[in-house]
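Residue-level structure breakdown
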Amino acid sequence: MGKNLYTDFQIKELEKNPNVLSISDRTISYSPEFKVKAIEEYKEGKTPVQIFIDHDFDLALIGRKQPQKCLHRWRKTYDRYGKEGLLVERRGKGSTGRPSSKSLSAEEKLRKAEARIRFLEAENDFLKKLEELERQAKKKRF
């Protein structure tokens, strides 16, 4: 995620590239196939800058450091999860979160459940108070 904001013109230009999956005013999402191809080309000895240039990216548009940042991130993912790690999106709704590294005893599970209950009860109390304040505010207006 860069600090620069992309203009509408820049977004339109970047959308023309088949290696771009989507783009917002701040970020570019690259296609999984491009990520895998970039890693393979990097392993063959190409530089990150050369890979992006060969795949029709304008470095003046995306930034000179962007290729190195992307390849660094993608290499870490590739080393950890293999090729599949770049092809499957692990963030967002489909993610189940960080798995627990230890199994919990019955006592720990109970303590965790009680803490969750206390949190939910506090949340309910807060919402009830909020609704009451909204009702009072409506009465005062009329």
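Keep in mind that what you see is a predicted model, and the values were worked out from it rather than measured.

Conventions and cut-offs
- Residues numbered from 1 in each chain as written.
- Predicted model: local features only at pLDDT ≥ 70, side-chain atom pairs only at ≥ 80, totals over all residues.
- Heavy atoms only, no water.
- Helix = DSSP H or I, 4+ residues; strand = E, 2+ residues; numbered from the N terminus.
- Buried < 20%, exposed > 50% of the residue type's maximum accessible area, 1.4 Å probe, protein only.
- Areas by Shrake-Rupley, 256 points an atom, 1.4 Å probe, with all protein chains shown as cover.
- Arc of directions from axis to C-beta.
- Contact = heavy atoms within 4.5 Å.
- Salt bridge = Lys/Arg side-chain N within 4 Å of Asp/Glu carboxyl O.

This paragraph deals with the overall build of the protein chain. The helix and strand inventory of the protein chain stands at seven helices and two strands. Ordered by position from the N terminus, the helices and strands of the protein chain form the series α-β-β-α-α-α-α-α-α. Put simply, the protein chain has 142 residues, and 25% of those count as buried. Accessible surface, the protein chain as shown: approximately 11500 Å² in total, 53% of it carbon and sulfur.

On to unusual backbone geometry, then. In this structure, Asp 56 takes a positive phi of about 65 degrees despite not being glycine. The topology assignment puts Asp 56 in the loop between α3 (48-54) and α4 (59-62).

Let us now look at helix α1 (residues 8-15). Two residues of an α-helix separated by three or four positions point the same way, owing to the 3.6 residues in each turn. Of the positions making up α1, those classed as buried are Gln 10, Ile 11 and Leu 14. Axial view of α1: buried residues confined to an arc of 100 degrees, hence all on one face. Across from the buried face of α1, at angles greater than 90 degrees, the exposed residues are Asp 8, Phe 9 and Lys 12. In this structure, the buried side of α1 is in contact with β1 (20-23), β2 (28-30) and α4.

Moving on to the pattern of salt bridges. Enumeration over the complete set of coordinates arrives at five salt bridges. For the salt bridge of Glu 41 with Lys 46, the shortest nitrogen-to-oxygen distance reads 3.6 Å. Accessibility expressed as a relative area gives 31% for Lys 46, which makes it partly exposed. What emerges from the salt-bridge pattern is a single network uniting Glu 41, Lys 46 and Asp 54.

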